[in-house]
Amino acid sequence: MNSSRLKIIAPQFIDIIALIGWGSLLFKYWITGQLNLLIHPNYFFLVLITSIALFILGIVKLWTLLKQWQKKINLDSNDNRSHITILPKHFGSGLLVITALLGLFIAPQPLSSQIALQRGISESLPLTRVQTQSFGTTVKPEEKSLIEWVRTLNAYPEPDAYTGQPVKVTGFVVQLPQLPDNYLLISRFILTCCAVDAYPVGLPVKLSGSRSQYPNDTWLEITGEMTTESLPVEVGKSTTRRQLVIKAKSVKSIPTPVDPYGY
């Protein structure tokens, strides 16, 4: 094989591998359900179509390149012009190939409590979401998810209105340093588009013992009732705020859900 022709064809193969690699990666995320950890379900079908399109485009480009090779067409006919580039030629395609390979072998993970703390956990929904229209009074208190309780508070923020109501929610543990040792935060992320814009919300939980047995990111199913308490807002300060609190009667560790986010 002519070495000069090999130098010409090799970079084009990198482009083809990038197309097929990313098509395969997106399809893998779709078929394994890992898209649940990355984007809103509204975009699942778009990802599937994109993966198929990339894969087909890569195959077509490969077929065209092989036909040119068989016919001994000058593969460098489009590269006779001079170009001034900062990065090496086809650097972008090589980077895409490496990223696709990493994605194929490294599974995505749910967003963690550390990210929740960095983004700031709230008891209210993002301003970009429709608020009151999503609120439904027909749902029994014990059947509401954590997101639905936050949505309820968003519509009717007076915590005393819910005192004594039964509750059963699931979420992951976030330990806030300003809370007493027998309190933790049960939290979930809300996705409006993708994991990049995920918004953490949560409610305080009052335990019968120390929170040390429930490390950060542990997923829990908590059964209890609602109550109102005044809790510290910041570490080392006496400022408190009245909040709706889950008084836990039962705390059970559960596996991380396949679909850990709210919408």
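Residues numbered from 1 in each chain as written. Predicted model: local features only at pLDDT ≥ 70, side-chain atom pairs only at ≥ 80, totals over all residues. Heavy atoms only, no water.

Enquirer: So what about the layout of surface pockets? Which residues, and what values?
Expert: Approximately 270 Å³ is the volume attributed to the largest pocket. If you go around the largest pocket, you meet 17 residues; those closest to its centre are Ile121, Leu176, Gln178, Arg241 and Gln243. Residue assignment for the lining of the largest pocket shows that the elements contributing at least two residues are α4 (113–119), β3 (199–206), β4 (219–232) and β5 (240–253). Counted by class, the lining of the largest pocket contains 10 nonpolar, 5 polar and 2 charged residues. (1 Å grid on protein atoms, 1.4 Å probe; cavity = no way out; pocket = protein on both sides within 12 Å on 5 of 7 lines; lining within 4 Å. Points joined across faces, edges and corners; volume = space filled by probe spheres on them. Helix = DSSP H or I, 4+ residues; strand = E, 2+ residues; numbered from the N terminus. Nonpolar A, V, L, I, M, F, W, Y, C, P; charged D, E, K, R; others polar.)

Enquirer: Please give an account of the nonpolar core that cites residues and values.
Expert: Residues Trp149, Ile186, Leu203, Val205, Met226 and Ile246 are the most contacted members of the largest nonpolar core, which totals 19 residues. Of all the elements in the fold, those that place two or more residues in this core are α5 (146–155), β1 (166–174), β2 (183–190), β3, β4 and β5. The residues touching Trp149, leaving out its near neighbours within four places in the chain, are Pro141, Lys144, Tyr162, Gln165, Pro166, Val167, Val169, Leu203, Met226 and Leu244. In this structure, Phe172, Leu185, Leu191 and Ala198 belong to the second largest nonpolar core, which totals 16 residues. (Core = buried A, V, L, I, M, F, W, Y, C linked by side-chain atoms within 4.5 Å. Buried < 20%, exposed > 50% of the residue type's maximum accessible area, 1.4 Å probe, protein only. Contact = heavy atoms within 4.5 Å.)

Enquirer: Go over the packing of aromatic side chains with me, naming the residues and quoting the values.
Expert: Scanning the entire structure with this criterion turns up 5 aromatic pairs. On the basis of an interplanar angle of 55° and a centroid distance of 5.8 Å, the ring pair of Phe172 and Trp219 is categorised as tilted. Of the two residues, Phe172 is situated in strand β1 and Trp219 in strand β4; the sequence distance between them amounts to 47 residues. For Phe172, a relative accessible area of 3% gives the class buried. With relative accessibility at 6%, the residue Trp219 sits in the buried group. Aromatic pair Phe189 and Tyr261: ring centres 6.3 Å apart, planes at 85°, arrangement edge-to-face. With Phe189 in strand β2 and Tyr261 in the segment after β5, the pair connects residues that are 72 residues apart, well separated along the chain. In this structure an aromatic cluster arises from ring pairing among Phe172, Phe189, Trp219 and Tyr261. (Phe/Tyr/Trp six-rings, centres within 6.5 Å; stacked < 30°, edge-to-face > 60°.)

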